[in-house]
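# Chains, contacts and geometry: an overview
Residue strings, one per chain:
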Amino acid sequence: MDPDEVAVGIIAGLLEAQTGQKMTQDRRWRIRSALGGIFRDRGISSNQDLVVLLTQPDQSTLAREVVEALLNNETYFFRDRLVFETLAQKVLPELARQRQAQRSLSIWSCGCSTGQEVLSLAMMFTEQRHRWDGWNIQILGTDVSSSVVNHARKGLYSQFQIQRGLGVSQMLGFFTEKEEGWVAGEQLRKMIRFERHNMLDPPPYPGTFDLILCRNVMLYFDQETRQRAVKRLHEASPADGWLLLGGGEGAVSDNSLFTPSEHLVSLFRTAGKGDDTRNQASSAPSEAA
């Protein structure tokens, strides 16, 4: 076998082991370009050289850098407007009725990348402040990549990033322009926090979430890994919870865990839970955004 093919297979195996994502043959062409910065920083020129470095002792930092470079972190504000319109017009009003007694909502954006989805949700609540006045709204964004989580915590976006999905009124109303870029305002940041988390692990604090967004995270999972991930999402969903997947991810394979909603093909309701489990907690919260 060609040495480069062997090296590519090892690198792809590292990605799968740490994230669950399979590097299919039609995606392997991008390995070299994605790792270009690491090659320059480490003074190497080939996949084989990288594998040699990875086999040396104490290379966990390099392994994490490789995995994060291979992840697809494409995102922007209000990505797929129809999805956010459905949340605003259908899902959130129903949640408001369901949680009227508690006046509290917990939302999880799984695979949040650099935070635009989380901030888009926070903007929706702020724009509907008449409905949510006096409510405790907590939005958690998680990602397996430490670098994008750190980016999200800063709430700082370039001119290019801020213009993707936002109108001028939202830019000026929710962000402050500074020399280094556009910074999310406190009215948004007080609702949100970010942490590094692998969705194949037990759900993060507070353990269950009224609404989970997990869009385009499972695209590159094989069927077995996808089933594991869906079980984790079900574990994190109360009996009357909602789950939103990406438009290209298809249906949930196990309808005993989630059933399709009538609103969107990518929107589901929790199934198979007789009791409301929203108050079950897992580990304590990590550092806030």
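Residues numbered from 1 in each chain as written. Predicted model: local features only at pLDDT ≥ 70, side-chain atom pairs only at ≥ 80, totals over all residues. Heavy atoms only, no water.

## Section: the pattern of salt bridges
By the definition in use, this model includes 8 salt bridges. Among the salt bridges present, the one from R42 reaches E65, with a minimum N-O distance of 3.3 Å. Residue R42 is found in helix 3 (residues 36–42), and its partner E65 is found in helix 5 (residues 60–70); the two are separated by 23 residues along the sequence. Here E94 ties to R269 by a salt bridge, and the two come within 3.1 Å at their closest N and O atoms. Here the residue E94 occupies a position in helix 6 (residues 81–98), and R269 occupies one in strand 10 (residues 267–270), the gap between them amounting to 175 residues. With relative accessibility at 19%, the residue R269 sits in the buried group. A single salt-bridge network, built from bridges that share partners, covers R99, D210 and D240. (Salt bridge = Lys/Arg side-chain N within 4 Å of Asp/Glu carboxyl O. Helix = DSSP H or I, 4+ residues; strand = E, 2+ residues; numbered from the N terminus. Buried < 20%, exposed > 50% of the residue type's maximum accessible area, 1.4 Å probe, protein only.)

## Here's the deal with the pairing of strand 8 (residues 242–245)
By the alternation rule, side chains of strand 8 split into W242 and L244 and L243 and L245, which are all buried. In this sheet, strand 8 lies alongside strand 7 (residues 211–214) in parallel orientation, the contact comprising 4 bridges. For L213, the partnering residue across the bridge sits in strand 8 and is L244. With 3 bridges connecting them, strand 8 and strand 10 associate as antiparallel partners. (Pairing = 2+ DSSP bridges.)

## Details of the side chain of N47
Relative to the assigned elements, N47 resides in helix 4 (residues 47–54). Excluding anything up to four places from it in sequence, N47 contacts D4, A7, V8, I11, I31 and F39. (Contact = heavy atoms within 4.5 Å.)

## Topic: the sheet that holds strand 5 (residues 181–184)
Strand order in the open sheet formed by 3 strands is 3-5-4, and the pairing between neighbours is antiparallel. The sheet terminates laterally at strand 3 (156–157) and strand 4 (175–178), the two strands that pair on one side only. As paired strands, strand 4 and strand 5 are joined by 4 bridges and run antiparallel to one another. Bridge pairing links F175 to A184 in strand 5.

## Here we look at the confidence of the model for the chain
Within the chain, residue pLDDT values average 87, and 92% of them lie at 70 or more. The low-confidence segment residues 277–284 (pLDDT under 50) makes 22 contacts with residues lying over four places distant or belonging to another chain. (pLDDT = per-residue confidence, 0-100.)

## Some thoughts on the sheet that holds strand 9 (residues 258–260)
What the 7 strands build is an open sheet, ordered 6-2-1-7-8-10-9; its pairing is mixed. Two strands in the sheet have a free side with no partner beyond their single neighbour: strand 6 (192–196) and strand 9. Across the sheet, the mean angle from the axis of one strand to that of its neighbour is 25°, orientation sign disregarded. In this sheet, strand 6 lies alongside strand 2 (residues 136–143) in parallel orientation, the contact comprising 5 bridges. Bridging from a neighbouring strand, G141 pairs with F194 of strand 6. Contacting strand 1 (104–110), strand 2, strand 6 and strand 7, helix 7 (residues 116–127) crosses the sheet at an angle of about 165° to strand 2. Together, strand 2 and strand 6 form the strand contacts of helix 9 (residues 146–154), whose direction differs from that of strand 6 by roughly 165°. (Axes fitted to C-alpha atoms, helices over the stretch in contact; angles between N-to-C directions.)

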